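Chain and residue survey
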Amino acid sequence: MGVGVSGWPLARAVSRAGQLGVVSATCLDTVMVRRLQDGDPGGHTRRALAHFPSQDAVREVLDRYFLPGGRAAGQPYRRVPLPGVPLQPENERLTVMANFVEVWLAREGHGGTVGVNLLTKVQLQTLPGLYGAVLAGVHVVLMGAGIPRDVPQVLDRFAAGQAATLRLDVTGAAAPTVLTFDPASLGLEGVPLARPAFLPVVSSNVLAAMLARRGEGAVQGFVVEGPTAGGHSAPPRGDRALDERGEPRYGPKDEVDLQALAALGLPFWLAGGTGSPEALRDAWARGAAGVQVGTLFAYCEESGLRADLRDRALRGARRGELRVRTDPHASPTGFPFKVVMLPGTLADPDVYAARTRRCDLGYLRESYARPDGLVGFRCPAEPVGEYTRKGGRAEDTRGRMCLCNALLADVGLGQTQPQGPEPALLTSGDDLRSAGRWPHGQVPDSGPGQDTSGYAALDALRYLLD
Ligand SMILES: Cc1cc2nc3c(=O)[nH]c(=O)nc-3n(C[C@H](O)[C@H](O)[C@H](O)COP(=O)(O)O)c2cc1C
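The structure presented is a predicted model; accordingly, all values stated were derived computationally and were not measured.

Attention now goes to helix 12 (residues 307-318). With twelve residues, helix 12 ought to run about 16 Å at 1.5 Å a step, and its terminal C-alpha atoms sit 16 Å apart, in line with that. Buried residues belonging to helix 12 abut helix 11 (295-298) and helix 15 (403-410).

Here we take up the sheet that holds strand 3 (residues 140-144). The strand order across the open sheet built from seven strands is 1-2-3-6-7-8-9, with neighbouring strands paired in parallel fashion. The outermost strands of the open sheet, each flanked by one partner alone, are strand 1 (21-24) and strand 9 (290-292). Between one strand and the next, the sheet's axes are offset by a mean angle of 30°, whatever the strand orientation. Here strand 3 pairs with strand 6 (residues 197-202) via four bridges, running parallel. When the bridges of strand 6 are listed, Val 141 appears paired with Phe 198. Across the sheet, helix 1 (residues 8-16) is in contact with strand 1 and strand 2 (114-119); its angle to strand 1 comes to roughly 170°.

Bringing the layout of surface pockets into the picture now. Of the voids in this model, the second largest pocket is the one considered here, and its volume is about 780 Å³. In terms of lining residues, the second largest pocket is bounded by 37 residues, among which Thr 120, Lys 121, Val 122, Gln 123 and Asp 169 are the most central. By residue number, the principal contributor to the lining of the second largest pocket is strand 4 (residues 164-168), which donates three residues. Its residues placed into classes, the lining of the second largest pocket shows 18 nonpolar, nine polar and ten charged.

Residues Val 324 and Thr 326 of strand 10 (residues 324-327) are buried on one face, and the alternating residues Arg 325 and Asp 327, pointing to the opposite face, are buried as well. By the bridge criterion, four bridges tie strand 10 to strand 11 (residues 337-340) in an arrangement that is antiparallel. Bridged to Val 324 within strand 11 is Val 340.

Residues in contact with the ligand amount to 21 residues; listed here are only the nearest, Ser 24, Asn 117, Glu 225, Gln 292 and Thr 295. At a separation of 2.7 Å, an oxygen atom of the ligand approaches a polar side-chain atom of Ser 24. Between the ligand and Gly 230 there is a distance of 2.9 Å, counted from an oxygen atom to a backbone nitrogen or oxygen. Relative to its unbound accessible surface of 600 Å², the ligand loses 92% to contact with the protein. Counted by class, the shell around the ligand contains six nonpolar, 14 polar and one charged residues.

Bringing the pattern of salt bridges into the picture now. Counted according to the given criterion, the structure contains 28 salt bridges. When the shortest N-O distance is used, the salt bridge between Arg 306 and Asp 308 registers 3.0 Å. The partly exposed category is assigned to Arg 306, whose relative accessible area is 28%. Looking at Asp 308, the relative accessible area reads 38%, which means it is partly exposed. Between Arg 393 and Asp 396 there is a salt bridge, with its nearest N and O atoms 3.0 Å apart.

A few words now on the nonpolar core. Core analysis: the biggest nonpolar cluster contains 130 residues, and Phe 297 and Tyr 299 have the highest contact counts within it. The biggest single contributor to this core is helix 5 (residues 89-107), with ten residues. Ignoring sequence-local partners within four residues, the contact set of Phe 297 consists of Leu 10, Val 14, Ser 303, Ala 457, Ala 460, Leu 461 and Leu 464.

With respect to the helices, strands and loops of the structure, Leu 127 is situated in helix 6 (residues 126-135). The spacing of Leu 127 and Glu 92 is 35 residues in sequence and 8.7 Å in space, taken between C-alpha atoms. Excluding anything up to four places from it in sequence, Leu 127 contacts Val 154, Phe 158, Ala 164, Thr 165, Leu 166, Leu 179, Thr 180 and Phe 181.

Per the counting criterion, the structure on display carries six aromatic pairs. Summarising the aromatic geometry, the rings of Tyr 131 and Phe 158 are spaced 5.1 Å apart at their centres and angled 80° between planes, so their arrangement reads as edge-to-face. Here the residue Tyr 131 occupies a position in helix 6, and Phe 158 occupies one in helix 7 (residues 151-159), the gap between them amounting to 27 residues. Assigned by exposure class, Tyr 131 and Phe 158 land together as buried. With a centroid separation of 6.0 Å and 35° between ring planes, the pair formed by Tyr 299 and Trp 438 is classed as tilted. Taken together, the residues span a long stretch of sequence, with Tyr 299 in the loop between helix 11 and helix 12 and Trp 438 in the loop between strand 15 (420-421) and helix 16 (457-465) at a distance of 139 residues. Trp 438 carries the same exposure label as Tyr 299, and that label is buried. Positioned above the aromatic ring of Tyr 77 is the side chain of Arg 71, whose terminal nitrogen or guanidinium carbon lies 3.6 Å from the ring centre. Over the ring of Tyr 368 we find Arg 378; its NZ or CZ atom is 4.4 Å from the centre of that ring.

Here is what the cut-offs are and how they apply
- Residues numbered from 1 in each chain as written.
- Predicted model: local features only at pLDDT ≥ 70, side-chain atom pairs only at ≥ 80, totals over all residues.
- Heavy atoms only, no water.
- Helix = DSSP H or I, 4+ residues; strand = E, 2+ residues; numbered from the N terminus.
- Expected span 1.5 Å × (residues − 1).
- Contact = heavy atoms within 4.5 Å.
- Pairing = 2+ DSSP bridges.
- Axes fitted to C-alpha atoms, helices over the stretch in contact; angles between N-to-C directions.
- 1 Å grid on protein atoms, 1.4 Å probe; cavity = no way out; pocket = protein on both sides within 12 Å on 5 of 7 lines; lining within 4 Å.
- Points joined across faces, edges and corners; volume = space filled by probe spheres on them.
- Nonpolar A, V, L, I, M, F, W, Y, C, P; charged D, E, K, R; others polar.
- Buried < 20%, exposed > 50% of the residue type's maximum accessible area, 1.4 Å probe, protein only.
- Near = heavy atom within 4 Å.
- Polar contact = N/O pair within 3.5 Å; in protein donor to acceptor, adjacent residues only side chain to side chain.
- Areas by Shrake-Rupley, 256 points an atom, 1.4 Å probe, with all protein chains shown as cover.
- Salt bridge = Lys/Arg side-chain N within 4 Å of Asp/Glu carboxyl O.
- Core = buried A, V, L, I, M, F, W, Y, C linked by side-chain atoms within 4.5 Å.
- Phe/Tyr/Trp six-rings, centres within 6.5 Å; stacked < 30°, edge-to-face > 60°.
- Lys NZ or Arg CZ within 6 Å of the ring centre and 35° of its normal.

Right under this line is the structure:
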């Protein structure tokens, strides 16, 4: 998970160059309303919104969130209401629109292929998010961090202009809750749309085989992601004990049998430490159609990462001073999460200890059955007392980080809390160690000898493909 790192400018640059550029759908409703509150620099969001089918809905959003001159110094962002069950119309509409905007902008001005990447775990926003992306003509949907078993039928139904449903996992409930999104809510019932290809992100043959069995045409291929990849990874399948550094131990049981995968007859792409020309050649040699690369592109100029964080991390990595830790506790989801050990971010124990716990964005909350029969939400990174009052275990709160707030801070959209600005937390794959080999460039005002990121997405593509 990252938020806005693979935003529309990066996806667009990659797509224009003839590859598949992918936008991240994580927290996009918040990303959109925060860009609007920062005055919508360049007018991009409003340019895309002008193409949204319901201009009444657009007017409502602009009236509520757009600040022509941006926020005053120190003014906190107005937040999107915390989502619940059922999703309120405002949340639903903001999510549809935000996904529409991101895909629309990534596709603007060229005929290349654009994908969208959703986290299966972030369930409440999945249906409106997918609909918004499909409405903007997304070509490929990628979903990992969970088992996206219902998504092929959702895409089929949206393409036919029909309502679709998805099961929400509710801890402790006898039956899942059913979520619904109906295009009729936007007056678009029966409007046919192109059905994008669906590529689940898998880290096991069993999961790939299960998804492939869903029926002819349901799944168009796979991304096979290993534990060196940036963001979340699947937990190890064998030994659950941590190594001497407190990190998960991966072993042979975690390796995907690519021959067995190829026997499913669908194309696949390898992700996780595959951002080098050698890894790409190796992937081809092993029968893959190509690679999915995150870390190399996260540090290029078109990435959404704040320039100061990007340059500090890249310099540190090139000097061999920065470690990437696979943190088994940081993510509220319980999945291992890759953390760049950059001073001044939440990875720094002092910064972590100084932050006041709060849950005001709520994307990673777990749904649970409340004693009164309703669906409740809790996050192990919220204040400990609140979490345990909702039936959560105190030991599950240890070391948890508020990824929602931190990852928004990474891309310059961090909240100003009463105690000050939210700290950032960088994620990257183990490939950051190879930063010394990546294209080097010079940012004009960085001074002589200053080694900054300075490379464009196109340079990264040339490095991989030449
Ligand atoms: C900074 C960063 C942000 C990422 N954001 C997302 C995301 O929002 N959604 C997602 O599914 N994957 C995300 N990923 C994972 C990538 O899609 C990709 O699978 C992974 O980075 C590939 O491995 P690599 O990091 O070794 O290149 C992110 C990775 C990085 C490094």
